[in-house]
Amino acid sequence: QVQLVESGGGLVQAGGSLRLSCTASGSIFSINAMGWYRQAPGKQRELVAYITEGGSTNYADSVKGRFTISRDNAKNTVYLQMNSLQPEDTAVYYCNAGNSYRAGYYPKYWGQGTQVTVSS
């Protein structure tokens, strides 16, 4: 099993920034990619970004140019730097870990979620 611990959510004004962090522990040999999903009220869950152990990244069109995902493999930690935040970014953000292959991402483990609220 893999356990994920998230931090960094909060309340920010439009145009501001937040950085989310997520650290994995346990049977981490079973995963090779980590990412972030988000879900806003009344909307479907959306894959925001993911990163492979080799450093390849993928972003949703809605966050390209504003969000950056990175990881520190030695610390088993993934980050999501969120800049130029807008009210539409308000959601619960979920860290996840799994596998990436065939140009896709397949999460297996999920964090508890952290609330990000952006005020206009």
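An account of the accompanying structure is given in this report. Not measured: the values here are computed from a predicted model.

## Digging into the pattern of salt bridges
Opposite charge on two side chains lets them pair, provided their charged atoms get close.
Then, in step 1: Per the counting criterion, the structure on display carries four salt bridges.
Then, in step 2: For Glu46, the salt bridge goes to Arg38, with nearest N and O atoms at 2.9 Å.
Then, in step 3: Between Asp89 and Arg38 there is a salt bridge, with its nearest N and O atoms 3.0 Å apart. Linking Asp89 in the loop between strand 8 (77-82) and strand 9 (91-101) with Arg38 in strand 4 (residues 33-39), this pair joins segments that are 51 residues apart in sequence.
Then, in step 4: Accessibility expressed as a relative area gives 7% for Arg38, which makes it buried.

## Here's the deal with the sheet that holds strand 7 (residues 67-72)
The strands making up a sheet associate through hydrogen bonds between their backbones, and the pairing can be parallel or antiparallel.
Then, in step 1: As summarised here, the arrangement of the four strands in space is 1-3-8-7, forming an open sheet in which the pairing is antiparallel. Where the open sheet ends on each side, the last strands, each with one partner, are strand 1 (2-7) and strand 7. Each adjacent strand pair in this sheet contributes to an overall mean axis angle of 15°, direction not counted.

Rules used in this analysis
- Throughout, a residue's number is its position along its own chain's written sequence, starting from 1.
- Restriction of local features to residues with pLDDT of at least 70 applies here, the model being predicted, together with a cutoff of 80 or more for giving and counting side-chain atom pairs; totals for whole chains, interfaces and linings are based on all residues.
- To obtain the side-chain values, all non-hydrogen atoms of the structure were used and water was disregarded.
- By salt bridge we mean one thing: a side-chain nitrogen of Lys or Arg within 4 Å of a carboxyl oxygen of Asp or Glu.
- Secondary structure counts use DSSP, requiring at least four H or I residues in a row for a helix and at least two E residues in a row for a strand, with both numbered from the N terminus.
- Only protein chains enter the accessibility calculation, which uses a 1.4 Å probe; a residue whose area is less than 20% of its type maximum is buried, one above 50% is exposed, and one in between is partly exposed.
- When DSSP locates at least two bridges between a pair of strands, those strands are taken to pair.
- Simply put, an axis is a line fit to the C-alpha atoms, just over the touching stretch for a helix, and the angle between two N-to-C directions goes from 0 to 180 degrees.

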